[in-house]
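Close look at the chain arrangement
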Amino acid sequence: MSSMTKQAQQRVGLLQGTLDMLILRTLLYGPAHGHQIGKHIQRTTNEFLQMQHGSLYPALHRLEERGWVSAKWETAPDRNREFKYYRLTEKGRKQLVVEESQWKQMAEAVARVMWPAAEES
Amino acid sequence: MKWWQIRERNADLERELRSDVELEEEEQRENGLSPEEARYAARRAFGNSTLIREQTHEAWGWVALERLGQDIRYGVRQLLRSPAFTVTAVLILALGIGAVTAVFSLIDTALLRMLPVEKPEQLVEFKAANPALPPNDTFSYPTFQTLNSQTQVLAGAFAFRKLFKVDVEVDGRGGLAEGQLVSGNYFTVLGVGAAQGRTILPIDESLAGQAPVAVIGYDYWRTRFALDPGIVGKHVLINSVPFTIVGVTKPEFYGVQLGDKVEISVPLTMIGSVYPGFAAAGSPADALKAPFRNWLHVMGRLQDGVTRERATASLSPAFAQSMREAAASLAGTPIDSPAVRQTFLNFRLQLEPGSQGLAVLRLQFSKPLWIVMGIVGLLLLITCANVANLLLVRANSREKEIALRFALGVGKGRLIRQLLTESILLGLGGGVMGVGLAYWGNRLLLALMARGRSPVLLSAHPDLRVLGFALGVSLLTALIFGTIPAWRIAGVDPSRGLMQNARNSAGSSTRSRLGKSLVVLQVAISLVLVVGAGLLTRTLANLKDFYPGFDRDNVLLFSVDPTVIGYKDVVPLYERLLTRLRAVPGVRLASMSVHEPLSMSISTTPIRVQGSASGQAEDLAPVNIEPVGPDYFATMGTPLFRGRDFSWGDRDGTTKVAIVSEGMARHYFGNADPIGRFVSIPGFVGDSSWIQIVGEIRDVKVHELRETGAFMLYLPLFQLPEGGATFELRTAIDPATVQGAALDAVKAIDPRLPVDSVKTLKVQLNDSLVQERLVGSLSGLFAVLGLLLTCVGLYGLMAYTVNRRTSEIGIRMALGADRSRVARMVLRETLVLVLCGLLLGFPGAVFASRLIASQLFGIKPWDPVTFTVACLLMAAVTITASYIPARRAASVDPMQVLRTE
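What you see is a predicted model; the values in this text were computed from it and never measured.

**Looking at the overall build of chain A**
Counting secondary structure elements, chain A contains five helices and three strands. Counting the 121 residues in chain A, one finds 26% classified as buried. Considering only contacts in chain A between residues 6 or more positions apart, those separated by 24 or more positions represent 50%.

**Side note on unusual backbone geometry**
Residues and elements named next belong to chain B. Backbone geometry places Lys119, a non-glycine residue, at a positive phi of 35°. Tracing the backbone shows Lys119 in the loop between helix H5 (83-112) and strand S1 (123-129). Its identity is not glycine, yet Ser757 carries a phi of approximately 50°, on the positive side. Tracing the backbone shows Ser757 in strand S21 (residues 755-760).

**Regarding the interface of chain A and chain B**
Of the residues lining the interface, 15 residues belong to chain A; the matching set on chain B comes to 19 residues. Elements with a minimum of two residues in the side of chain A that touches chain B: helix H2 (34-44), helix H3 (56-66) and strand S3 (82-88) of chain A. Sort the elements by how many residues they give to the side of chain A that touches chain B and H3(A) lands first, with five residues. Of the residues contributing to the side of chain A that touches chain B, the split by class is three nonpolar, eight polar and four charged.

**Regarding the domain arrangement of chain B**
Entries for chain B in the domain assignment read domain 1 (3-61), domain 2 (65-113 + 360-500), domain 3 (120-355), domain 4 (503-548 + 768-901) and domain 5 (562-753). Using C-alpha coordinates to define each centre, domain 3 of chain B is positioned 57 Å away from domain 4 of chain B.

**A short note on the sheet that holds strand S1 (residues 32-33) of chain A**
All names here are of chain A. Pairing within the open sheet is antiparallel, and its three strands lie in the order S1-S3-S2. A strand with exactly one partner marks an edge of an open sheet, and here the two such strands are S1 and strand S2 (69-75). Both S2 and S3 contribute to a ladder of seven bridges, which runs antiparallel. Pairing of Thr75 across the sheet is with Glu82, part of S3.

**Structural notes on H3(A)**
Owing to its 3.6 residues per turn, the α-helix aligns residues three or four sequence positions apart on the same side. Residue and element names in this part refer to chain A. Summarising burial for H3: nine of the eleven residues are buried, a large majority. All of the buried residues in H3 are Leu56, Tyr57, Pro58, Ala59, Leu60, His61, Arg62, Leu63 and Glu64. Once H3 finishes, Gly67 follows within two positions and takes phi at roughly 85°, a positive value.

**What about the packing of H2(A) against H3(A)?**
Residues and elements named next belong to chain A. At a closest axis distance of 11 Å, the pairing of H2 and H3 adopts a crossing angle of 115°. Note that H2 runs across H3; the crossing there is right-handed. Only Leu56, Tyr57 and Leu60 of H3 make contact with H2, whose side of the interface consists of Gly34, Ile37 and Gly38. Looking at the contact of H2 with H3 residue by residue, the classes come out as four nonpolar, two polar and no charged.

**Focus on the environment of Ser777(B)**
With respect to the helices and strands, Ser777(B) occurs in helix H26 (residues 770-804). Overall, the presence of 16 C-beta atoms within 10 Å leaves Ser777(B) in the partly exposed class.

Each value, and the rule that gives it
Residues numbered from 1 in each chain as written. Chains lettered and ligands numbered in written order. Predicted model: local features only at pLDDT ≥ 70, side-chain atom pairs only at ≥ 80, totals over all residues. Helix = DSSP H or I, 4+ residues; strand = E, 2+ residues; numbered from the N terminus. Buried ≥ 20, exposed ≤ 12 C-beta atoms within 10 Å, placed from the backbone. Contact = placed C-beta atoms within 7 Å. Nonpolar A, V, L, I, M, F, W, Y, C, P; charged D, E, K, R; others polar. Domains from an automatic or database assignment. Pairing = 2+ DSSP bridges. Axes fitted to C-alpha atoms, helices over the stretch in contact; angles between N-to-C directions. Left-handed = near helix turned anticlockwise from the far one by under 90°.

This is the structure:
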């Protein structure tokens, strides 16, 4: 019983953590500020993930608290202004691998349930 | 992130959000939107910025603390906004908390604190119980040695005895000090170390005669030797006997009797040199040899894991053997008799907890202190009710604010937490001020206690325990007075609260009912306090007016002990002193006694009566024996019932005579005339010679005013010189004016004579009432405070009620009610409240007065006069308090009211 609820909690956590994963993945290309990250996720998913930019910041700060990203105010190359740039840390890189594999397992598990025939053929 | 970085992080977040929003805005503008539209689009893209901030804060993980910070900031702002309320509430609370804390710190010091020694919980005090006699707490030296050898259950037993004041001569200058005799292992078993040098060691007990050593207390080192670093090895004369000081004890150690201070300790084997008379070396009653000579207090330390029961069982056989030896050793001594022997054989060993040292002070002060604690506890309740009432009234004015906050979406839980935070802030404010007040009050209390006959020297500095207690009390009071109003306020209906005329809302009428019950409670508690104070102060007054069997006015007392500076035969000196003192102008008569009148110390011993009425040749009822000088009763103003006073002729070599008290005469001789009968007191005189009774006096109080008929037997001091003495000077004028001349007269006889305890008999008598004064004056003070607070509470409530009902009163008056009728209405309402309070308080007062019955004197606990006066006083004072609101009600202008309506 308890192991079941624990698993369920893990899955919910995974879903919630998806945003974290996307942010980490985005930062793999190099440092970016909040606005860029948001724009990038929106654009790459063809606006499918209609997130409000604002919801990024709690996630970004959470990642920073955990030490997966580091932040620094830097001048943007194209605009003559300072932005808070987030950068993936070594710890964050490892976390990305973990989250990615968890997500894959999850996606495969869902796929097996949803499309069992495709699996056989 | 750490919580102190929150501000920094917050600024950082603001900057980040702003820069990103601006960027979005720029991009939108570049897409061709107008600046206005671009701004809105950017805002939309970002979403609820407050929510973002809050969620980000949550990501930092300090939300609870931040909320608390907000609550505290908001609370402080709210409190500062109404300074009059805040100051009043904090002051009232400080009063209550301060009083409770002060008394607690005293109880902590006097009753609860353990000795500052190693593992005090292992210590036990030895007593010898005998069903027929009061418990005996002294043992002979051989019995002590037997106990000390029982190592299977005891880690050690140590013995000690307080000496009377000893003369300590340093570099040729004498001075009195509190001395004590200790066994060699006293300090080692207690685990008390030395601040300088070493303590007394077991070897010093056995080597005493060869190299006498002494250890002094830290305070004595400071006061007498100014912390002289060369103290170790210093040679001093104690009662003219050379000693070497080998060390100073740790500053926190004052001996094992709380309230007492030991200034100088010497090995008990030195008794023979320091007090040869007492030691009786070589005689059958030799203090260091005679097994029947009980004179030492004994305490011990149990082995690890040994209980008192097991130790008692294990020690009992050895103790019984020791008692048999004591009984056998009586053979051939004048006090030997089957009954005396049986007393020894009947003794049973008893072990009492010794973690707090000897119980004298606790026994003396425990009841009075707990009574005072009860009183201040009640006072604290009154202050709580008072502040709760203030908060309720304040709640009314805050109704709109609260309703607004509800309307804006504050949760009920958060609101209650916010209100409680305010209460706790008030409580802590009161607590901080209260501790300050307690510190000051403490000195007052200690000063009250220190004025007794045996000055109680306590240092009650607020320590962590007391501060913790104050904090606890503050929080508890905050919860008590804060919860009800918070609950009430949280019940506000936002829609009604926001309405313009919230003054007449239903919520405030239940609130004023609550306010009324709080006032009723205050009146009830005040009645208990007033009745208690009435009984206790009348007790004090009764004791002060009580005739103790002597005339207390115009008597000067002082003590002189010539033996400590080497006098052997004191009688000639005393004769010269008395003659000289009687010649001092203003002195009518002078005499002397061994003990001060109304002092706790007195010698008791069984006596033998020739041809007693009760048919017994011997009676073990203890008789107090007091050697006194010529014309003692004339000097004291004690009426002689029969026979004569002592005269100068009653001296060594003449017929041995005695004067008895009425109670003792009746006990031994019935209604027969005791004059000419004979008694013998071998235990006191040392032989069984017969002493003729030559006089009988009315009963006098010898220990304390409350005692009933102590058996007294007076002997001529010149027939039994016994060391030091107290002189009594009956003066024709104010004794204080004679004091200088009298002390000069003593100096003129011998300037070295140490004079001590100079005071008037009246002061001595008042000093014997230290507990009564403590309880009486404090109960009076706190009752007045309680009554005052209750009046303030009642006044506040009535003023508030009148204010709330202004329109109603105005309409009544417009309809024809006259002013006196309106005033009467308010007064009637007050009267109902007060009557309810008195009815509620009456049983409480009856209960409380029964609790303190044992402390009363000359008054019954249910004394009708006290109860009636207390009730009338309460009614009068409280109704006076409501006079102003009644006046205000009567002066309401109906025209104005109608206009505002």
